[in-house]
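# Residue-level structure breakdown
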Amino acid sequence: MTRKLLAISDLHLAKAENLAALREVGDHASDWLILAGDIAERTEVLDEALRVLGERFAQLIWVPGNHDLWTLPSESPASKGEAKYQRLVEICRRRGVLTPEDPYPLWDGEGGPCVIAPLFLLYDYSYRPDDVSRADVLAWSLEEGIVCTDEHLLHPDPHPTRDAWCHARVASTAERLDKLGTLPTVLINHWPLRQDLAVLPRVPRFTPWCGTRLTDDWHLRYRAKAVVFGHLHIRGTRSRDGVRFEEVSFGYPGQWDPELGIDGYFQNILPGDDSIEDY
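Residues numbered from 1 in each chain as written. Predicted model: local features only at pLDDT ≥ 70, side-chain atom pairs only at ≥ 80, totals over all residues. Heavy atoms only, no water.

### Topic: the sheet that holds strand β8 (residues 236–240)
- The strand order across the open sheet formed by 6 strands is β4-β5-β6-β7-β9-β8, and the pairing between neighbours is mixed. One side of each edge strand has no neighbouring strand; the edge strands of this open sheet are β4 (106–107) and β8.
- Here 5 bridges tie β8 to strand β9 (residues 243–247), and the two strands are oriented antiparallel to one another. Note that in β9 the partner of T237 across the bridge is E246. (Pairing = 2+ DSSP bridges. Helix = DSSP H or I, 4+ residues; strand = E, 2+ residues; numbered from the N terminus.)

Now the structure itself:
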């Protein structure tokens, strides 16, 4: 049996239907699973999800999404920003789940050898039109009634802004990736790594919360075989410069078919079909 590297994101387990579907996931004992963020807002739900999935996969790899990083009103005010993120990393490590803070694992199955690189990069509001300044970007979004809940619940502490936290993560991550050598990679981040992939027909002015232009060339710079992301809730495979970009969102009830369950939405990353053309 071929060992697979699978991926999914945006399980949003605060929804009862999604949590019930999680408990019906089948046995994938030889496969690895990428969890590309937005698993659950509550740490106890994340922990339960990792327990369930950890019993059904050989290895889990996790990156945070914005919902995971929220500090809810019921949580301690001390659990903000970096402190919340480190709490999530601790939960993952107790379950044997790899995180952006761990050494990057080597995939030696079919489609390899390949370095799997889970990333946590955030966003810096640069996914906006060139004629809209950073100072004006929130007002630009609000012109169409758009504002992300992150503005109230995703705190950057101890960084002064989310932009600053993003830039610090990009710099430290690039330093790590620069040392990898020549092996190809699978890059994993909750937010898309390219601005031209953050296309949201229904809410076009939500893009400021979708990534940073600083990573637009990372698929080439770091020899990616595939780039895995979520956040947009627009599942699909795209290609840029011959590299597959896999948006692997599961989504809210109504965005997935109950007859397929979660198993029906695991996206095969390796071995994968690299024949798709750029569009």
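### A few points about helix α2 (residues 43–54)
- Compared with the 16 Å implied by 1.5 Å per residue over 12 residues, the 16 Å span of α2 between its first and last C-alpha is a close match.
- Looking at α2, one finds that the buried residues are T43, L46, D47, A49, L50, V52 and L53.
- Structurally, α2 contributes buried residues whose contacts are with α1 (16–22), β2 (28–35), β3 (57–62) and α4 (82–94). (Expected span 1.5 Å × (residues − 1). Buried < 20%, exposed > 50% of the residue type's maximum accessible area, 1.4 Å probe, protein only. Contact = heavy atoms within 4.5 Å.)

### What to know about the sheet that holds strand β10 (residues 267–270)
- Spatial strand order, β3-β2-β1-β10: 4 strands in an open sheet with mixed pairing. In the strand order of this sheet, the two ends are held by β3 and β10, each with one partner. Neighbour to neighbour, the strand axes of the sheet diverge by 30 degrees on average, direction disregarded.
- Bridge count for β2 against β3 is 5 bridges, and the pairing is parallel. Along β3, the bridge assignment pairs L35 with W62.
- Taken strand by strand, α2 contacts β2 and β3, and its axis lies near 150 degrees from that of β3. (Axes fitted to C-alpha atoms, helices over the stretch in contact; angles between N-to-C directions.)

### Here's the deal with the side chain of H12
- Relative to the helices and strands, H12 is located in the loop between β1 (5–8) and α1.
- A residue is classified by how much of its surface remains accessible, and H12, at 3% relative accessible area, is buried.
- At 3.1 Å, the side chain of H12 forms a polar contact with the side chain of H233.
- Every residue in contact with H12, bar those within four places of it in the chain, is listed here: N18, D38, I39, E41, H67, H233 and Y252. (Polar contact = N/O pair within 3.5 Å; in protein donor to acceptor, adjacent residues only side chain to side chain.)

### Notes on the nonpolar core
- By size, the foremost hydrophobic cluster in this structure holds 73 residues, and its most contacted members are L35, W62, L187 and W218.
- Within the second largest apolar cluster, 18 residues are counted, among which are A7, I34, A36 and V248. (Core = buried A, V, L, I, M, F, W, Y, C linked by side-chain atoms within 4.5 Å.)

### Let's talk about the pattern of salt bridges
- The tally for this structure, following the rule as stated, stands at 16 salt bridges.
- In this structure, R205 engages E143 in a salt bridge whose closest nitrogen and oxygen atoms are separated by 2.7 Å. Taken together, the positions of R205 in the loop between β6 (185–188) and α8 (218–221) and E143 in the loop between α5 (137–142) and α6 (150–153) put the pair 62 residues apart, joining distant regions of the chain.
- Assessed through its relative accessible area of 60%, E143 is described here as exposed.
- For E144, the salt bridge goes to R205, with nearest N and O atoms at 3.4 Å. Of this pair, E144 sits in the loop between α5 and α6 while R205 sits in the loop between β6 and α8, and the two are 61 residues apart along the sequence.
- According to the relative accessible area criterion, E144 is partly exposed, its value standing at 46%.
- On the basis of relative accessibility, which here comes to 17%, the residue R205 falls in the buried class. (Salt bridge = Lys/Arg side-chain N within 4 Å of Asp/Glu carboxyl O.)

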